[in-house]
Each structure stands twice: as C-alpha cells, then as structure tokens.
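What follows is the residue order along each chain.
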Amino acid sequence: MLAKIYSAAVYVVDAYEVEIEVNAGAGDPKMVIVGLPDAAVKESKDRVRTAIANSAYKWSRKRTAINLAPADIKKEGPSFDLPIALGMIAVAEGLNTSAKRRFSGADPHRDDRAEPECACLRSNPESLANHRRFGRQDRHRAGTRERSDSTSHVRSNALDLKARIISLVALFALAGCGRTEPTISGPLKQRGYVWQREWTPAVVDALGETNRRMDGVVILGAELNLAGKKPAVVKATIDWDALKRQAGHCAIAIRVAPFAGPFRSDGESAQAIVDLAKQLLAEVREHDVKIDEFQFDFDCAEKNLGSYRAWLRMLKPTIQPEHFVITVLPAWLTSSNFLPLIREVDGYVLQVHSVPISAGTATTLSDSRLAHEWVRKAAKFGKPFSVALPTYRCAAGYGPDGKLLSVAMDSVQPFWPPGTRILEFGANADEIAALVNDWQRARPREMRELLWYRVPIATDARNWRWPTLSAVMAGRLPEHKLNILQEGENPIDLSIFNAGEADEQLSANVTATWSGTELTAADALSGWNVRSQINRAVFSVVASHGLRLPPGATRKIGWLRFDRTTNLETELSKSK
C-alpha cells in the first residue's frame, strides 16, 4: 500500500513542495525515513506512533518506508509530523489517497477551488469533541455503504480521513502548545580581540585592562595574503613577555586575506598556511606562553566552502592538540557544505557584523534582528559556537559602480582613487546592549560566549572606550550625558564634556544667556560657529565636520567677553 501526502518546507527564503510517500510492504516491522532528514525529522517516527496510539488509531506493522521528496534538499524540524501521520494511517487502513491529492494545508501551490473538501477542512474544521462520531460504528456503517459502489467508497473514506485529520491536527497542536527550542539564561563568557599588527605601549596597556575586565583575549598572530604570485606574510610584533605576564586565557589567530583559489591541499597556498601555523605555534612554545585556542579567520566565498574544508582537514593535525576554531559568516549557514565544514573543527565563531559590500545596502555594522535569526539558525546544527560583535567604526570607500573598494580602520588607511564615495559605519552601542541583554535572558544552549572585535586601545580613534564596552557587556544601555563647562570669569571659555558612557555625536547647539551686561566680543573654535543676539549667544556645529566626543573627553567650543563680570547660564538643545 502506497500513500502520497503533500506538504511544504522552506529553503532559505523560498517555499517548495515536499511529497511524503509512505509505503508499507513485506519485511521486518520497521520504519525508515529517507530524503535527507535531520535529527528532528528522524525522531518523527516516535512522536507519530505515540500520537496515533493515543488517538485510538492504528498503524502498519509491516516494513514502512517514508520518502521525503525532493531528496536533494535537507528536511529540518518537526513540521512533517502531521503529513507522516496521515500517510501512516492511510496505508494502515487502506484509504484511497488518490481521490484526495493534498491532505496538508501547507501546500503553497494549492487551489482551494479545485479541491472544495480540503478547503472546507482547512477553513472550517469541525470540533475535536465531535470527531468520535466518525468512530468505529460510523466507519463500519460507512464501510457497508462503500461496498455498494466505488463512488461512495471514495467519498466515505474521504470523510473518515477528514475526521482523522481533525483529530490529529488538534492532537499535534496540543502537543506543540508551549513547545519552544531549549534555551538557557545567565551571564555569558566574554573575550576580546587584540587585532593590532604593531604592539605599541598602548596595546600592552590594553592587554592588562582586558585581562581584568574579560574572560580572555584572542591575539592576531599573523596575516597571510595568497592573492599574489607568492604568499605574503605580515606577522604581528607581539610583545611575548607582556603577553605571558598580563594575559590570562589567551588564544592566537591567523587571518587570511580574501582568496579565490585554487584550494588544492598539495598546493603552495595550503603549504604556506601550514608553515605559518607551525611558526606561530613554535613561537608560542618558545616564549612559554600558554594558549587555549587556535583560530583560523578566512572569509571564504560560499561557493568554495567544499574546497575550504580540504584546507581545514590538512591544517588540523598541525593545530592539535590545541582547540581548533574557525570564524564563519552568516551566509554559510544555508549552505549544504556548512555542516561538513564545522565537523572538521572543534568550534566556530559566528561573525554577525560586516561592512556592506555595496553602498546603500545597510547603515550599521550589525543588525540586531538578523543577529537573532543567525544565532537561531546556527544553534540547529547542534555544535557549540561563539558570537563576534563589533565595537568599532570605520570608513568604507565605494567605487562609481557602488561596489566596496576598501575599508579604513584605526590601523589601516587605504589609498582611494578620485571619485570614491566614502561612507562611515559604526556599531550602535544601545542596540548591541539590548541584544546582549536578550541573550542573557534566553539564548540557545549551543551559544557559549561573546567575542568583541576589538578591545579598546587608548590610541584608537574609531573604537569604543571601556565605559561603553563595559556597559554593553553587562547588557545595560550606556548612559548618555553631556555637560557644558565654563572656565574663567571674563572672558568665559565654554567646553562640552562627555560625562556619559557612550560616544556622542556633537550635533546639539549650546545656548548661553545673561543679563545686566553687554557682550563685547565672541569667537568660536574650529568646527563651530557663533551668532550673538540680545542677551544671548548660540554656538552650533559646522555640519561638515561631524564631530564626535568619546566618554570622558572635553571639546572646547569658544569664548565670550563682556563689559563686566556676569553669571552665564547655558543649555544644550538639538540643532535644527
């Protein structure tokens, strides 16, 4: 007996039809599911048997094969429980499924006008309390009538199956009420990246501060460029003594620049990676530095993930016994090569921040909604992972065609040709704090830690300061507070002081008012202008400057001179 049930599933953002073929035949009383089912789909047989038994229905005791077609797309989740159950009932009781082509309301191509009975079932289902009137006595009477002619046979079976569908829909709905993916809560482990090539005194100082505030640090060991005629290596000038003295839990990383291939395991590129890894690990041992992890950072094109896997398989023996971790991009999560890829390593870092590759496609480095979605997708693979979040701003240059040319960071300032469109992107501290708070309250159990790119360095102009990062790490919105400072009696120097925890864009006006005296002179400093009125002066930012003020910083804006000493009142207001 063969039954065909039609359902639907989603691949990336597209829906596609899934045909569930249930066949009961000779052989051992066993149920098998084929067609690239994941673990949740394979578990359907146990859930379905229990549901059918508790509904007083029967299933075939023969060898039952369930095929989910098309066979080349992976099937995920428990959404196929109901159509599998319907198919099992159909083959167990010999119901005619050809008269009822589609039993599942999930078919995206279904035409209700062509199938009025199925449409009736979906749009106006009968009460679960009444489904027993289609019980054994009614089925027996229906069966007696069925023997009169083939038309009533199909009609009666259809009505009988209709009642069973109602019962099973309700059963699975009740079983699924309140069902959520398992989550955990509480503080997250948090580490930071030190990604500087040159280890200045400021980098060494930051390392000590990181050790006090975080659970560990990941050090850039070297960068490798494979795009030229020969592999080019740039090693970081690591202060090994400082690293040994100040770092607690430490990891080291290799960064490989974009590379299109080839990815042969016996090629020059592969050998350059292995040699560089060996050199770094030898330096680690030579300086008696203990590392907990070795990271490999390569933004591979999705189409090359299968070949990239060969690199990892080749590199792994060199890294062992150290913990071997790779960084991954969200686009990889929908690739059929992703699961085999992460099986080659001990863990991975999901990078949920990036610079848009085309101008106008995004305004921030990280989208909270997408970050939540990507984390949920990553958790389905069942392998522990970390999440990398941004703490930086950058300037990106785009060509006349809108495509990304290069990115300016604190340590990198590229040359941009004439006509380059320059856009600035940054990490929104308030949004990321809310994201951290969400994950502290509930997150997939596979999500183990946060990694911040990068730790604050005093000389960095585009990175968060520690007050900002500390607040965000705690899942707390950074405090926003600007004060106006006065210095001197006459003239009076005016400054803006950031007494909060977050960087502030200086887009507000500063208004000064007085009485009983006359203004004799006034001037604004670079980036500001001033206009005077009766008993008041307004300082405003020159829009083209885009001034920013980090926490704890002060910005002088100008001065006012009067014919006699006076009390000055000041206030901040949004510029129009």
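Quick note: structure is the one above.
A brief report on the enclosed structure follows. (Residues numbered from 1 in each chain as written. Predicted model: local features only at pLDDT ≥ 70, side-chain atom pairs only at ≥ 80, totals over all residues. Heavy atoms only, no water.)

Attention shifts here to the sheet that holds strand β24 (residues 528–533). Strand order in the open sheet formed by 4 strands is β24-β25-β22-β28, and the pairing between neighbours is antiparallel. Pairing within the sheet leaves two strands with one partner each, and these edge strands are β24 and β28 (569–574). Each neighbouring strand pair of the sheet contributes to a mean axis angle of 20°, computed without reference to strand direction. The pairing of strand β22 (residues 508–513) with strand β25 (residues 536–541) spans 4 bridges and is antiparallel. Looking across to β25, one finds that T513 is bridged to R536. (Pairing = 2+ DSSP bridges. Helix = DSSP H or I, 4+ residues; strand = E, 2+ residues; numbered from the N terminus. Axes fitted to C-alpha atoms, helices over the stretch in contact; angles between N-to-C directions.)

This paragraph deals with the packing of aromatic side chains. Tallying each qualifying case throughout the model produces 19 aromatic pairs. Between the aromatic rings of W195 and Y453, the centroid separation amounts to 5.9 Å while the plane-to-plane angle is 75°, which identifies the pairing as edge-to-face. In this pair, W195 is assigned in the loop between β6 (189–194) and α7 (201–213) and Y453 in strand β18 (residues 447–453), connecting sequence segments 258 residues apart. Across the pair, exposure class does not vary: W195 and Y453 are buried alike. Summarising the aromatic geometry, the rings of Y308 and W311 are spaced 6.2 Å apart at their centres and angled 80° between planes, so their arrangement reads as edge-to-face. Note that Y308 and W311 are positioned in helix α10 (residues 305–319) at a spacing of 3 residues, about one turn of the helix. Summarising the burial analysis for this pair, Y308 and W311 share the class buried. Ring pairing ties together the aromatic residues F259, F263, F296, F298, Y308, W311 and W332, which thus form one cluster. The aromatic ring of Y453 is capped on one face by R454, whose charged end is 5.4 Å from the ring centroid. (Phe/Tyr/Trp six-rings, centres within 6.5 Å; stacked < 30°, edge-to-face > 60°. Buried < 20%, exposed > 50% of the residue type's maximum accessible area, 1.4 Å probe, protein only. Lys NZ or Arg CZ within 6 Å of the ring centre and 35° of its normal.)

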